Amino acid sequence: MNYRHSFHAGNHADVLKHAVLLRMLTLMQRKESPLCYLDSHAGTALYDLLGEDASRTGEYLDGIGRLWSRDDLPPLLADYRDAVARHNPDGQLRLYPGSPQLMADGLREQDRMIVSELHPEDALTLKEYFAGQPGVAVHQRDGYELPGAFLPVAEKRALWLLDPPFEKGDDLQRCLQAVQTGIQRMRQTVVALWYPIKDQRLLRDFYQRISQAGLPKVLRVELNVRPVDTQLGLNGSGLMLVNPPWPLWEELEQTLPWLAGELAQSGPGGWRMDWLAGEP
Ligand SMILES: C[S@@+](CC[C@H](N)C(=O)[O-])C[C@H]1O[C@@H](n2cnc3c(N)ncnc32)[C@H](O)[C@@H]1O
């Protein structure tokens with residue numbers, strides 16, 4: 001396990017993932033009934049953007065850094081920026097909330113959160129950090145086991161972030177299997193599966209498998225900050241959203257063109273959004 005999210009916290013991929021995730025939680029919370037948030041590859045709670053790891057890559061500067069001081073953000077992005085700002089009350093961008101922190105901040109009394117992280121150091125930090133916080137359970141275990149272990153949830157409403165580091169060649173396949181297990185166990189589970197846009201050949205196969213996997217509804221959302229064939233690494237990222245709450249689709253249509261323009265790094269940024277299964 002070499003991947004450490006502290007090098008990448010707040011980058012363009014986190015902006016897309018966290019802004020969409022936060023909005024999905026808010027939309028699901030329009031109903032009073034409780035929900036359970038599952039975070040299978042959690043990372044840690046708070047990242048120091050001025051610390052050694054984040055400073056070394058400077059990736060956050062081209063992510064949250066580009067949105068931080070803007071007063072013209074589309075509403076979905078303004079909510080996300082404000083959520084980050086709550087951890088930086090003096091107005092200086094320094095602390096960045098990872099997915100477990102961002103979502104813990106948004107949970108209501110009736111909601112619950114189940115988190116898993118395999119890296120011993122991050123798992124311990126999370127356990128200590130959330131110790132005694134009602135409704136939060138932290139496990140040091142393989143996140144791919146989460147749907148089999150915890151779905152269906154008693155609340156009958158679940159939002160699950162599946163966000164592995166993609167260090168291994170079979171991660172896309174393992175994600176697909178985990179999502180299928182989750183949906184078989186609780187069909188209405190709302191899933192956000194994050195994936196990197198690097199290898200187009202692998203992705204084409206993944207898209208085909210997702211669209212044939214028998215999932216109820218799947219919305220593909222992608223944001224590119226560089227042309228897709230650039231050999232520099234992470235050219236963009238995507239989210240496969242299973243059962244996305246309404247009207248996320250319409251809201252993202254208003255947001256993604258703006259975001260693609262603002263986060264572009266070389267040449268024009270790009271985005272796309274379409275249904276791979278169950279177009280409403
Ligand atoms: C992309 S990072 C998570 C970022 C976090 N979800 C966020 O958005 O702030 C992926 C995390 O998965 C952890 N990890 C790797 N393999 C895992 C596994 N099999 N089960 C659970 N966690 C794993 C890594 O240690 C890393 O912290």
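You'll find the structure just up there.
Residues numbered from 1 in each chain as written. Predicted model: local features only at pLDDT ≥ 70, side-chain atom pairs only at ≥ 80, totals over all residues. Heavy atoms only, no water.

Novice: Would you explain the pairing of strand E1 (residues 36-39) in this entry?
Specialist: Within a regular beta strand, the side chains point alternately toward one face of the sheet and then the other, so they alternate between its two faces. Neither face of E1 is open: one carries Cys36 and Leu38, the other Tyr37 and Asp39, and all of them are buried. Sheet topology note: the E1/strand E4 (residues 112-116) ladder contains four bridges and is parallel. The residue bridging Leu38 from the neighbouring strand is Ile114, located in E4. When E1 meets strand E6 (residues 158-162), the two strands line up parallel, connected through four bridges. What sits directly across from Tyr37, in E6, is Leu159. (Buried < 20%, exposed > 50% of the residue type's maximum accessible area, 1.4 Å probe, protein only. Helix = DSSP H or I, 4+ residues; strand = E, 2+ residues; numbered from the N terminus. Pairing = 2+ DSSP bridges.)

Novice: Explain helix H9 (residues 200-211) here, please?
Specialist: For the α-helix, the turn length of 3.6 residues means that residues three or four positions removed from each other point alike. Its twelve residues place the ends of H9 16 Å apart at the C-alpha level, agreeing with the 16 Å of an ideal helix rising 1.5 Å per residue. Those residues of H9 that sit buried are Leu203, Phe206, Tyr207 and Ile210. End-on view of H9: buried residues confined to an arc of 100°, all on one side of the axis. Exposed side chains of H9 directed beyond 90 degrees from the buried face belong to Arg201 and Arg204. Those residues of H9 hidden inside the fold are in contact with helix H8 (171-185), strand E7 (190-197), strand E8 (218-224), strand E9 (236-242) and strand E10 (270-277). (Expected span 1.5 Å × (residues − 1). Arc of directions from axis to C-beta. Contact = heavy atoms within 4.5 Å.)

Novice: What exactly am I supposed to notice about the environment of Leu193 here?
Specialist: Mapped onto the fold, Leu193 is located in strand E7. Once residues within four sequence positions are removed from consideration, Leu193 is found in contact with Leu162, Cys175, Val179, Phe206, Ile210, Gly238, Leu239 and Met240.

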